[in-house]
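# Structural characterization, general
Listed here are the chains, written in short residue letters.
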Amino acid sequence: MSTKHAFLLFLAAILSITSCTNGMKTTKVETTIKTKFQGKEISLDNEKKIDSLIALMTLEEKVGMLHGQSMFANGGVERLGIPKLHMTDGPLGIREEISQDSWAPAGWDNDFATYYPAAGSVAATWNPELSYIFGNSVGQEARARNKDMLLSPAINIIRTPLGGRTYEYFTEDPFLNKKLAVPFIVGIQDNDVMACVKHFAVNNQETNRDFVDVNTDERTLREIYLPAFKASVTEANAYSVMGAYNKFRGDFLCENDYMQNKILRDEWGFRGIVVSDWSAVHSTVKTLENGLDIEMGTRKPFNEYFLADKLIAAAKAGEISKEEIDKHVRRILKVLFQVKAIDSTDRTKGSLATEEHYKDAYDIAAESIILLKNDSNLLPLRLDGVHSIAVIGNNATKKNALGGFGAGVKTKREVTPLDGLKNKLPENIKINYAEGYLERYTQNDNNQKEELTLNTPRTVTELDPDKLNEALEAAKKSDMAIIFAGSNRDYETEASDRKDLSLPFGQEELIQKVLEVNPNTLVVMIAGAPFDINMIKEKSSTLIWSWFNGSEGGNALADVILGNVNPSGKLPWTMPKKIEDSPAHATHSFPGNESVTYEEGILVGYRWFDTKKVEPLYPFGFGLSYTDFEFSDISTSKDSYTEDEEIQINFTIKNIGDRDGKEVAQLYVSHPGSAVEKAAKELKGFKKVFVKSGESQNIAINIPVKELAYYQEASKNWVVEKGTYILKIGNSSRNILQEVSIKIN
């Protein structure tokens, strides 16, 4: 048994103890649970060694460490035993090795890796333990490839459903965001690898991302867009942060004194290094003095970077001090010592694309799949009397490990949905596969799919008549049909936002026609962001949401369809009925032009929908199960609390159905008597629990009273208002099942 899995079994044992506490004060065991993902601080033990190394370095050697000297590494100092800092992309797993001076593949035959589910999948599990598993597993793969830094996780808030990188981010909610980010980072760094938390900060759109100037009030910045970054520093002790492309209040974020110096370092005590996004630097002296440590990029020779020859010239001209340069070199050396890249013989070796890692990918995928609708109880699939199944849709065979503008994974295993069904269905059931729709884009002069640019990829929406007829014939002659629809990583991609919520490639027409010839049809959406599925919800009795779900995604999906796994995923964002309902679009403040102001303020995601009483298509936190749960007996350990105390909320979940299953209890807080604007409710706690059929679990969720604070701009402080608060327990933001009031004195 691996150390990681022994650790997780220990956690599971503790969780089983704490889930049975009811009406008890916080125990030592509960304190262990609360702090289990505390990261290791950067050591100060090597200060004398670092000082001696810096004293021996030339100006040119120091500057060489402050900029990229290949696509994914800075410069080292070989004569002093200082290695290069080797980086790799990692949102879906360890990127294939690329050339030293271009994005072309290096052509290795040993850089295959595990393709992990995207961050949206992790968020849909609502399971911090699985977030740790992801981080720990991918951290092992980074070390097996001799990497020092993993450019992950991406934790920007999902502000618009159209975002090209929505699949790569966790959620629209700052609380869920930080509770998933922290264990992910700790998992990575437990393997002597730096997590590089990105993109710092208010980087919430791909449109005009290179230059757009973001403006938001201080309260919105602090309450919505910074909590996960702060927790990454103060709880997970992240070793590195990536500066974003865009501007914030007039200054590019890679040279933004307020964000990088005053907040990140002075307020939060960050000891690590700040790395630029690739080609996101615009100055030399200002960039270095305002907090950036390493400039990375792609668009010019490495010596022409702002922190390369230009920095040497600035130093020789007296425009920047030796002490300033030494400060940044010292930071880099600290993190190299921290991950045992210097003077260490016991650094983690790691492992790559193992069966254990494929199992990690499966476990995440299996808990991420969301049952949105099951009105006819078609699921779990009962195979009595079923002799044939029509499997329809390009997404039944589409692979997403590679694709799009952003980083992917070269993998030897990617189980597609069709593969998964073939693996799991009895041999006597015939599968009639039809592609149904073609993934087609407007063509260029060479009759090739046009390169993805900052503009949304333009798709061909007309169905091919032969493919449509083939799909309809398959549906007619089969006992039931499964349509695999949605999106892919060529359509949802970094560097572009979608123009609307429409399904691409003519899929809506295909689905409607298949439902007409065979009503016994299950629709499975595979996508990383919301789409307009109003018609599908209305006309189909059965609807599942899946994701870009990794090497084992097809097997996990088949197991959910067949009932081998009871679905427990929950939406990590709100699915609107129409784009105009979403706050950034309702306020006409997306995407802006040279600047954008976040007019919705703190009312992001479900906060807007619930406060403004706008009905979503599916609410934040929504997801069904093959069983039913009942919530009861909510109480608190006391009726009133002071600011330094912790609220304990106790309640019972009973599984009243006939299948074992997992439920996510979601705790929202309302403060109707507030003197300032607040959302109708805010997520402040959650717990995922396994409950056997017919049994109950007594649950305790603890909230520090300080978690109820709002940011007061006038005093520049967090303030907990006195008064009555309503604590609401439910299984989505719109399905509150129990509530209780408390007072803060």
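Residues numbered from 1 in each chain as written. Predicted model: local features only at pLDDT ≥ 70, side-chain atom pairs only at ≥ 80, totals over all residues. Heavy atoms only, no water.

## Brief notes about the overall build of the chain
Counting its regular elements, the chain contains 21 helices and 27 strands. Relative to the 2.2 N^0.38 estimate, which gives 27 Å for 745 residues, the radius of gyration of the chain is 26 Å and therefore close to what a compact globule would have. C-alpha atoms of the chain, sized along the principal axes, occupy 80 × 70 × 55 Å. The proportion of buried residues among the 745 residues of the chain is 63%. Considering only residue pairs separated by 6 or more positions, the chain has 77% of its internal contacts joining residues 24 or more positions apart. As displayed, the chain has an accessible area near 27300 Å², and 46% of this comes from carbon and sulfur atoms. (Helix = DSSP H or I, 4+ residues; strand = E, 2+ residues; numbered from the N terminus. Rg over C-alpha atoms; globule rule 2.2 N^0.38 Å. Buried < 20%, exposed > 50% of the residue type's maximum accessible area, 1.4 Å probe, protein only. Contact = heavy atoms within 4.5 Å. Areas by Shrake-Rupley, 256 points an atom, 1.4 Å probe, with all protein chains shown as cover.)

## Digging into the confidence of the model for the chain
This prediction gives the chain a mean pLDDT of 94; 94% of its residues lie at or above 70. Here helix 2 (residues 28-34) stands out as the least confident element of the chain, with mean pLDDT 34; strand 11 (residues 370-374) is the most confident, with 99. For residues 9-35, every residue scores under 50 in pLDDT, and the model assigns this stretch 37 contacts once sequence neighbours within four places are set aside. In this model, residues 444-454 is a region of pLDDT below 50 whose contacts with residues beyond four sequence positions or in other chains number 20 contacts. (pLDDT = per-residue confidence, 0-100.)

## As for the environment of Gly297
Structurally, the position occupied by Gly297 is in the loop between helix 11 (285-289) and helix 12 (309-316). With relative accessibility at 2%, the residue Gly297 sits in the buried group. For the pair formed by Gly297 and Asn203, sequence separation is 94 residues and the distance between their alpha carbons is 18 Å. Beyond its immediate stretch of four places on either side in the chain, Gly297 contacts Met71, Trp278, Ser279 and Tyr305.

## Points about the packing of helix 6 (residues 128-144) against helix 14 (residues 355-368)
How two helices pack is summed up by the angle between their axes together with the distance between the axes. The geometry of helix 6 relative to helix 14 is characterised by a closest axis approach of 10 Å and an angle of 150 degrees between their N-to-C directions. When the axis of helix 6 is compared with that of helix 14, the two are roughly antiparallel. Our pair here, helix 6 against helix 14, has a crossing hand that is left-handed. Across the interface between the two elements, Leu130, Ile133, Phe134, Ser137, Gln140 and Glu141 of helix 6 pack against His357, Asp360, Asp363, Ile364 and Glu367 of helix 14. (Axes fitted to C-alpha atoms, helices over the stretch in contact; angles between N-to-C directions. Parallel < 35°, antiparallel > 145°, perpendicular 65-115°, else oblique. Left-handed = near helix turned anticlockwise from the far one by under 90°.)

## A look at the sheet that holds strand 21 (residues 661-670)
Ordered in space as 19-27-26-21-22, the five strands form an open sheet in which the pairing is mixed. Among the strands making up the open sheet, the edge pair consists of strand 19 (640-641) and strand 22 (682-691). Note: strand 26 (residues 723-730) against strand 27 (residues 736-744), eight bridges, orientation antiparallel. Across the sheet, Tyr725 pairs through a bridge with Ile742, a residue of strand 27. (Pairing = 2+ DSSP bridges.)

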